[in-house]
Every structure is written in C-alpha cells, then in structure tokens.
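# A look at the structure
Here is what each chain is made of, one letter per residue.
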Amino acid sequence: MHVTGKMKPYKNAGSSTQSKHKPTRKSNRKGEKPTDSEQKWPYKMIKLQVKVISWLFIILTAFLCVLQIESINTNFLELAAFEDFLRSQHLNQVLVVRGPADGDAIGDWQIECHQKLLANYRVQFYRPGMLGNFEDLMAYESPRTAVLVLNFKHILIKSRVLEAASEARYFNNSLAWFIFGAAQEFLTDEEVIDAHFSGYKMGIDADVTVAMRSLDNSTWQLYDLYRVTQQLPLIIQRRGEWSALNGYQQVDRSTWVARRNNFFNVTLVGSTPLTEKPLGYDDMAFLADFVHLQQFDPMSRKTYQFFQLVMEMFNFRLQMIITDKWGEILKDGSWSGVMGHVTRGTADFAVSPMRFVLDRLVYVNYSPVLHTQPIHFLFRHPRRNHIRNIFFEPLSNQVWWCVLVLVAGSTFLLLFHVRQEIRMRRSSWAEQRVAFAWFTMLETYLQQGPATEVFRLTSTRLLICASCVFSFILMQFYGAFIVGSLLSESPRSIVNLQALYDSNLAIGMENITYNYALFSNTTNQLVKDVYAKKICHSGEHNILGLEQGAKRVMQGRFAFHTALDRLYRLLIDLRMEETEFCELQEIMFNPPYVAGSITVKGSPWREHLARAVLHLQATGLMQYNDRRWMVPRPDCSLFKTSRAEVDLEHFAPALFTLALAMVASALVFLLEVFMHWLPDFRARLGAMST
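First things first, this report covers the structure right here in the doc. (Residues numbered from 1 in each chain as written. Predicted model: local features only at pLDDT ≥ 70, side-chain atom pairs only at ≥ 80, totals over all residues. Heavy atoms only, no water.)

## Section: the packing of helix α10 (residues 298-314) against helix α21 (residues 606-619)
Running from amino to carboxyl end, α10 crosses α21 at an angle of 110°, the nearest separation of the two axes being 10 Å. Taken together, α10 and α21 sit at an angle that is classed as roughly perpendicular. For the pair formed by α10 and α21, the contact residues are Phe-306, Phe-307, Leu-309, Val-310, Met-313 and Phe-314 on the first element and His-608, Leu-609, Arg-611, Ala-612, Val-613, His-615 and Leu-616 on the second. Tallied by class, residues from the contact of α10 with α21 come to 10 nonpolar, two polar and one charged. (Axes fitted to C-alpha atoms, helices over the stretch in contact; angles between N-to-C directions. Helix = DSSP H or I, 4+ residues; strand = E, 2+ residues; numbered from the N terminus. Parallel < 35°, antiparallel > 145°, perpendicular 65-115°, else oblique. Contact = heavy atoms within 4.5 Å. Nonpolar A, V, L, I, M, F, W, Y, C, P; charged D, E, K, R; others polar.)

## Here's the deal with the layout of surface pockets
Empty space within the largest pocket amounts to approximately 1200 Å³. What lines the largest pocket is a set of 46 residues, among which Arg-169, Asn-172, Ser-174, Asp-205 and Gly-602 lie closest to the centre. Of all the secondary structure elements, the ones that give two or more residues to the lining of the largest pocket are β1 (93-97), β2 (122-126) and α21. Of the residues in the lining of the largest pocket, the class split is 21 nonpolar, 15 polar and 10 charged. (1 Å grid on protein atoms, 1.4 Å probe; cavity = no way out; pocket = protein on both sides within 12 Å on 5 of 7 lines; lining within 4 Å. Points joined across faces, edges and corners; volume = space filled by probe spheres on them.)

## A look at empty space enclosed by the protein
One pass over the structure, following the stated rule, counts three cavities of 30 Å³ or more. In terms of lining residues, the largest cavity is bounded by Phe-263, Leu-268, Phe-307, Val-310, Phe-314, Phe-316, Phe-349, Trp-605, His-608 and Leu-609. Secondary-structure elements contributing two or more residues to the lining of the largest cavity are α10 and α21. Considering every element that reaches the lining of the largest cavity, the biggest residue donor is α10, with three residues. Of the residues contributing to the lining of the largest cavity, the split by class is nine nonpolar, one polar and no charged.

It is worth stressing that arrangement in space is one thing and function is another; only the former is reported here.
Listed below in structure tokens is the structure:
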C-alpha cells in the first residue's frame, strides 16, 4: 500500500502536466525555451522509483537468506545425526529419499551433503516423481541398507515411498529406516508419530527410527516403531536422543530382538508331524507328555516341550497344526506336510526338527540346531566260538613253540644226566629210558618234580631247579593273564563299516526317507556296496520297519541302520537282557544329522526364534530338555565286573582237550589190547592149520 500510494500522485501529476503544457510545447515549437526545473522533473521521479524497488529487493533478499541459512544449518545437523546412526548400526549402504523441491530450496547444502556421504558410504538417491518406482530399488538378499527420509509429512513421500514400502513389507530388518520429523507445539511426539505411521504395515522385525526435531532445533528425540502383529496397535518406544553437543545417545544399547521380548500374549501357529501316536490319545496331551511312551514321536514331542520354554520367554500362546509328514515337494511345485504349512503361511514356524536339505533352503530359513540325531548301524557283536580261546591267548605262537623246544631240549639233557647217574651208581631209581626222562621233565614243568633221592648229581639237580623256576614264572604269568582276561572286556573285531561288510552278518535298514537318500546319494563306494550287495541282496528282506528290525537285532547276527535313540528305547521295551544289551555295537560311517526349526522366507519371527534357541542353549535349558529324552543304558563295565566267571564258553577248550585225550587214550588202549591179542591169535591159527 505504501508503494502504491507513492505511484498514484506521480501518474496523476504526469497526466496533468501534459495537459497544462500543451500550449507551451506549441510555443516552444515557435521558439520558446523550457526552464531547468521543467527539464529535471521526470528524471527525479524515475530515480525515486528505482530506489523504492531496490529497497524492496534488498529487504526480501535479506529475509530469504536468513531462512536459507537456518535451513542449511538444520540440514547439516540432521546429516550429522544420520551419520552417527550409520556408525551405530555399522551400515555402509545408504538410500536417500529427497523431497520433490529439495533442488530449489537447498541446492548448496545438497552438494556438500552428497559429497560428504559419497566420501564414506555407498549412496543412492531417490526422489518421488522420478522414473521408476521405489520398489524397484530393492534387490533380493542385498546388503542391509539405511534409508534416510528427510520429511515424512510430504504428500509425495507418504504416497510413493512410505505407503509403497508398507504394501511391499519393506518395514523389516533388511532396511534400517531413519526418518526425520518436527515436533508440534500442542502435541506430544508420540501423538504426531502415531497419527502419521499407525496406518502402515509393520511387524515385530521392523527397524524404523523416527527423529523428532525439538521446537528450538537443538535436539532430536529418537523413537523406535514396530508392531507385534497387524491386529495390535503401533508400539512407539523412546530410543534416545541426538544433539550436536552430546551426539547419539541411546537409552538401551541392546539389540532390537532383545528389546522386543514381549509378544503381548498373541497366538502364533506351529506345525508338527505325529506319525506314531497311539489311538485314544489327545494330540496336545501326547505332545506335552515326556514320561510315558517316549519311543513314539520323540523328536516332535521333545521339540514341542522346548517351544513351551520359548512361549514363556516371549509371552505368547501356541496353536498347533498336526500333520503326518515332514514335507515332500509335489509335482506342482508345492510342498506337503510341515513344509507346506510353513511355505503357505498357514503356520508361523515348525515345532519339529527339520533336516538341513538343499531343496528346502530356497523356500525357508532354518533356525540354529535344535536336535542332533545319530543314525548308525547297531547289532549284537558275535562272540568268538573257535577253539583258540583264553587258554592259548596269553602266549603267542612263537612263545608256545619256544616252550615246547625248551621242554624237549631239557628232556634230552635229562636223559644224558640219567645215564651218568647209572654209570656212577648213585641212583637206584633212575631208569635209562626216554619215557622216564620225558615224564620227569613234565612233572618239573607242572611244578610236581621227582623225589629228592632219585637224582644225586649236582648238575642234574641244577637242571631240575632251573626248570622249576622257569615253569613257576611261566605259570604265574599265564594264570594272571587268564584272570585278567575274564575281568576285562573282550576286544571286538567288527568296529568299522569295512569289517561289517566283510563279516557274515546280515545288514538291513529302516524303511524311512532319509535312509534312501543317504545310501543313494553317496559317493563312497563302500557304502554303495553295502546297500547294493548286503541290504538289497536278492532273496533277503532287509528293509524293515523299526519294530521288525529291533526284533532281529535281539535275535543276533543282524545289523540294522536307523535312529539309535528310537531303537535303544524299543529294545528296552522289548525286555532285552542286560547281557545282550552290553553286546550291542554301533558303527558310524556318517556324521549325526542336525536339524532345526524353519520359518518362511521373510518371516518376522526368524530373529526371535534364533535368539530363543541360542539363549536357551547358553543357559542350559535346552540340554536339560534333551536329558529328559535320553535313553537310560545299563553300565556294562559294572555289570561285567559283577558277573565275572569262567563260563562254558571260556572252559570249552579245556574240556575239548581232555575229551580228545580220553578218546585218544581209549583208541591207544584198544590198539594195545589188539597188539597183545594178535600173537595168541596167530598161534591158534597155526595150531588149527596143523
């Protein structure tokens, strides 16, 4: 108004001046000269107009410069806060979401900001309105990226960035969102955040940090945003603050998984297979029972009881879906069983240990190891039934031959001594026969010895004494070894797969999926030979169910490949004796199977499930749960010590030797009788002929 008031008199004056001086101009044309004041008046009015307009530009420019400097300073502080956030999260990938008008308002700040970010991080920029969608910037399994949003209130940012991220489920821990906002005078920060973010889809794995600038632009309050499920309200937790003086200060420095340990009693769905449940049992009661019928579905029941600890840890309820299969891929590309429930989203996770299989890795994520399953051969090691038993074991063949040579040599030496005794007539009992010398040395070695008056020569007595000492040492060592062999466990010869393959034992396996995969997909030629020539041998039925295999193991001379804990538990239920149980031998040719729970790709529960497994393992609760399902086995060492005796198996060689000697004696006796009767028989024949 002030400018318009100055211009109006000028225009009126101009118009009136022209009307008054028209005759004068005519007079001037006739030779009249105008005055100096009349010549300078239009120039003075033009200078006045220029000054007024210049002052307007100066005032407007000064006002705009103050706003721009304040905006640049604020944006530099926001950049510093964002860099502290990147350092605290250990991130290198950055996506900057710029407002549509950023280039006109803060061009200088953009240049410095871009240069600083590009110097330390890998930066990508996106502006709503650019060609391409926000979703196109996301790559599957790309490195974890920080997303910087400078103003969440902008309409285009809300519609093309935040809403697009909500629909595409990008509010998860694969992206670390850092969003700036400003406090309002009559609303709390939580109310402002809830008004703008309550409509977005977030999960418990969301990593969204909102930095609210205070009214005096000195600090930024940091808030953590997430939901437990979409049915529950948005949870806003104060995370800390940032200021130029104190930097990035967090209230709680623990991870987001540790902070979000309360699921507010939500209901999650788990899937587990039950293939051996007896009739008449309720599913949930059967799963929760760890005392009775442990031989049926032990892996599923043990894992369910582990998840009961997880439920108490995170405060949620568990709804179970029961199936009869772990999961196999179908012709149409879908999965059956537990895998089908998890991949279709019917279940949140598997409440059963799932083997680590390459075909499943494309569809699911595995938790840390929940269960270790040893799957090996088990059989009763056969006893040795050949004639060479403990009576010959203390000494090797070379020692036995040396002893025999010494006995023979000492016998011939004694024969010379006996002849000398007879020549010197010092012994009336000595006989000059080889048999006498032989039996005398046998008596000596058996610690009986001859009478003292039989031999009078010192050399003869020295030979007898040396033989007695040698036989005493030999008998002590021999007897001690036999007693020790009875007290100690006898060594076993079938202790590896090659020895099992070379033995005469029958070999079989349980009719279950992982056995076929193990024997069919191996590159070990020995394993292939065992499967082709022993298990699948024509005319033999060696692929059996678990109970049939257990009964054949009890009968002996049969090696069965299956899960050991299930087989041990079934053998105990079949009343296997302790002596037979202590004869069981395991042969391992492949490492134990390890298994874990599964969640679908992108599941929000993956990190919490992994933390629960590791936490319960570190505290020992997982080991405690495992021990409740361990199979009690007898202490075979104590049992063997208490039952140490010389049984018929060990004493049979002595009896056999004695019986053989008696038979030989009887045959020789008959031969002697025949030889004694033969001359008389010939004489009678001669008398009859004459």
